[in-house]
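# Fold and geometry: a report
Residue strings, one per chain:
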Amino acid sequence: VITRPEMEIGRYHWMYRSSRPHRYHHVPALRGNISPMGIQGCFECCIKCLGGVPYASLVATILCFSGVALFCGCGHVALTGTVSILEQHFSTTASDHALLSEVIQLMQYVIYGIASFFFLYGIILLAEGFYTTSAVKELHGEFKTTACGRCISGMFVFLTYVLGVAWLGVFGFSAVPVFMFYNIWSTCEVIKSFQTNVTVPGDQICVDIRQYGIIPWNAVPGKACGPILENICNTNEFYMSYHLFIVACAGAGATVIALIHFLMILSSNWAYLKDASKMQAYQDIKAKEEQELQDIQSRSKEQLNSYT
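As the structure is a computational prediction, the values presented were derived from the model and not from experiment.

### A word on a nonpolar patch on the surface
A contiguous nonpolar surface patch, about 410 Å² in accessible area, is contributed by F158, Y161, V162 and V165. What makes V162 partly exposed here is its relative accessible area of 37%.

### Considering the UniProt feature "transmembrane region" (unreviewed entry) in the chain
The positions that UniProt labels "transmembrane region" (unreviewed entry) are, in the present scheme, residues 58-86, 106-131, 152-176 and 244-266. In residues 58-86, the share of helix is 100% and the share of strand is 0%. The end C-alpha atoms are 42 Å apart.

### Quick word on the pattern of salt bridges
Summed over all chains, the structure comprises one salt bridge. Ionic pairing is found between D208 and R210, a salt bridge with its closest N-O pair at 3.0 Å. Each member of the pair, D208 as well as R210, carries the same accessibility label: buried.

### Some points on the nonpolar core
Among the nonpolar cores identified, the biggest contains 50 residues, and V68, F90, F118, W167, I184, I209 and L229 are the most heavily contacted of them. Of all the secondary-structure elements, those providing two or more residues to this core are α3 (55-90), α4 (98-137), α5 (147-194), α6 (226-233) and α7 (236-307). Counting residues per element, this core draws most heavily on α7, which supplies 13 residues. Ignoring anything within four residues of it in the chain, the contact list for F118 reads C64, F65, V68, L163, W167 and L259.

### Comments concerning the state of the cysteines
This model, assessed by the stated rule, comprises two disulfides. Disulfide partner of C188: C233, at an S-S distance of 1.8 Å. Given an S-S torsion of about 60°, the disulfide between C188 and C233 has right-handed geometry. With a gap of 45 residues between them, C188 in helix α5 and C233 in helix α6 connect regions that are remote in the sequence.

### Describing the side chain of S91
In this structure, S91 sits in the loop between α3 and α4. Judged by its relative accessible area of 0%, S91 falls in the buried class. Within polar-contact distance, the side chain of S91 engages the backbone oxygen of T93 at 3.4 Å. If near-sequence neighbours (up to four positions away) are discounted, S91 is found in contact with L86, D96, H97, A219, V220 and P221.

### Here's the deal with the environment of V165
Among the structural elements, V165 can be located in helix α5. Taking the relative accessible area as the measure of exposure, V165 reaches 45% and is therefore partly exposed. Separated by 95 residues in sequence, V165 and I260 place their C-alpha atoms 9.6 Å apart.

What counts and how
Residues numbered from 1 in each chain as written. Predicted model: local features only at pLDDT ≥ 70, side-chain atom pairs only at ≥ 80, totals over all residues. Heavy atoms only, no water. Patch = residues over 30% accessible without salt bridge, like charges linked within 9 Å, V, L, I, M, F, W, Y side chains within 5 Å. Areas by Shrake-Rupley, 256 points an atom, 1.4 Å probe, with all protein chains shown as cover. Salt bridge = Lys/Arg side-chain N within 4 Å of Asp/Glu carboxyl O. Buried < 20%, exposed > 50% of the residue type's maximum accessible area, 1.4 Å probe, protein only. UniProt positions renumbered as here; feature names shortened; annotations may be inferred. Helix = DSSP H or I, 4+ residues; strand = E, 2+ residues; numbered from the N terminus. Core = buried A, V, L, I, M, F, W, Y, C linked by side-chain atoms within 4.5 Å. Contact = heavy atoms within 4.5 Å. Disulfide = S-S within 2.5 Å. Polar contact = N/O pair within 3.5 Å; in protein donor to acceptor, adjacent residues only side chain to side chain.

Right under this line is the structure:
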């Protein structure tokens, strides 16, 4: 004869246990590099570590470091060579280019600050990439994403966007000296080509630096013509400064690409963290319901034991 408590227990088992999904615990097979005690070998540990590396963030960090290093290093040397060319050939009076020298010196100090800031910022973004990768891959483990972590990821998205816009301006500004040096170099090439044509004198071809606004109009001599200009183009300062400005401009462009890459990575990571937080809330509710079910079953067993 089935008593009433036994019928209640059967009803609870039918209502709750049958509706719960079955859990299958995967038992890893023993391999050659895994000991019978379940300790992984060196190869499996390396594969697991490599699987947690954020390769996209790593590539963006390397590109950012390379671009900033090229821009800062080449820009610093090129600015020094530019001052030397101006002092020797276009502005012999120190008072005429005093303001320009101060501006260039200030820009060199700014370059030091940019290099230090982006070295630290790149490491922080790479660490944030490791954090987000761990948060996504260990979602079902003990790792928990917090609201503070999601806010920090959102802050990095905004800051990287602002820096990307700023570096677009830096990239455009770094193209200005390249344009100026290219005009001087092309004028020297024209002078060389006119030397073979005796009907056109090369002394009439000049480059006036004062029209670019970098030195005042009363600067002496302010311009260079003919063979003097050609000699300027053949100096090591001009050759090095011209090519270093090109490399610095390319470095600024690489930094812009790296920041755009970082922006895409951070946006996707923030979306992953947002979905992960919702999944964690669902798992917490599910675990709470399972705990309540276990409590009901334990109380039913206690009632059955009390009746018996």
